[in-house]
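# Observations on the three-dimensional arrangement
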Amino acid sequence: DDYLTAEESMSKALQIWDSEPRWYAMAAEMAADYEKRVAYYQKAIELEPEYVGHYLALGKQQLTAKQGVTAVKSIDTALSLNPEYVDSWIQRALAKRALHRMPEALASINEALTLAPEHKEARKTAALLTFENGNYRESEKHLVTLLGQEPHDTELLALFARTLTAQKQSEEAMRVID
């Protein structure tokens, strides 16, 4: 109920500040309906077409809604505006993964790691993608690096155990789980 009240309040605010793109972006985050979120982001883009964040946020929404092709288009627009924005490369990799285009997903995540080798989310995504692509040794390398920084991250530990199991190292995998 509070959520709907907040959405209604935001709608009223937009009637007053209808030329402020960041208000539309905030409204998109608050909207319960996918179509409304997209419409708000599109309005933000219309008002502020050079701002990478709007395209990236729209792409994330589209990816969540399983609209991979349109997500890639939005993310590619973000990358055309700023090709050094690591988060855009990560999202592009995830969108390409959703479209079952693994070589392109791997190329995108490698670009993210080239730009920012220590970026945790990029390395985590690289570990997942290389695992899914059957490159268990490469996945293990990414995970060892990450676990050196976050040794108690259960999601990383679970993927590490799966990576070891895939390499027929079941005993080592059991030690990781314990």
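Now for a description of the structure that goes with this document. (Residues numbered from 1 in each chain as written. Predicted model: local features only at pLDDT ≥ 70, side-chain atom pairs only at ≥ 80, totals over all residues. Heavy atoms only, no water.)

## A closer look at the layout of surface pockets
- Approximately 210 Å³ is the volume found for the largest pocket.
- Around the largest pocket sit Ile90, Gln91, Leu94, Glu121, Lys124, Thr125, Leu128, Glu155, Leu156, Leu159 and Arg162, which together line it.
- Looking at the lining of the largest pocket, the elements that each hand over two or more residues are α6 (86-98), α8 (120-132) and α10 (154-166).
- The class makeup of the residues in the lining of the largest pocket is 5 nonpolar, 2 polar and 4 charged. (1 Å grid on protein atoms, 1.4 Å probe; cavity = no way out; pocket = protein on both sides within 12 Å on 5 of 7 lines; lining within 4 Å. Points joined across faces, edges and corners; volume = space filled by probe spheres on them. Helix = DSSP H or I, 4+ residues; strand = E, 2+ residues; numbered from the N terminus. Nonpolar A, V, L, I, M, F, W, Y, C, P; charged D, E, K, R; others polar.)

## Brief notes about the nonpolar core
- The biggest cluster of nonpolar side chains holds 21 residues, and the ones touching the most others in it are Val86, Ile90, Ala95, Ile109, Ala112, Ala122 and Leu129.
- Of all the secondary structure elements, the ones that give two or more residues to this core are α4 (52-64), α5 (68-81), α6, α7 (102-115) and α8.
- Looking at this core element by element, the count peaks at 6 residues for α7.
- Tyr24, Tyr40, Tyr41 and Ile45 belong to the second-largest nonpolar core, a separate cluster that totals 17 residues. (Core = buried A, V, L, I, M, F, W, Y, C linked by side-chain atoms within 4.5 Å. Buried < 20%, exposed > 50% of the residue type's maximum accessible area, 1.4 Å probe, protein only.)

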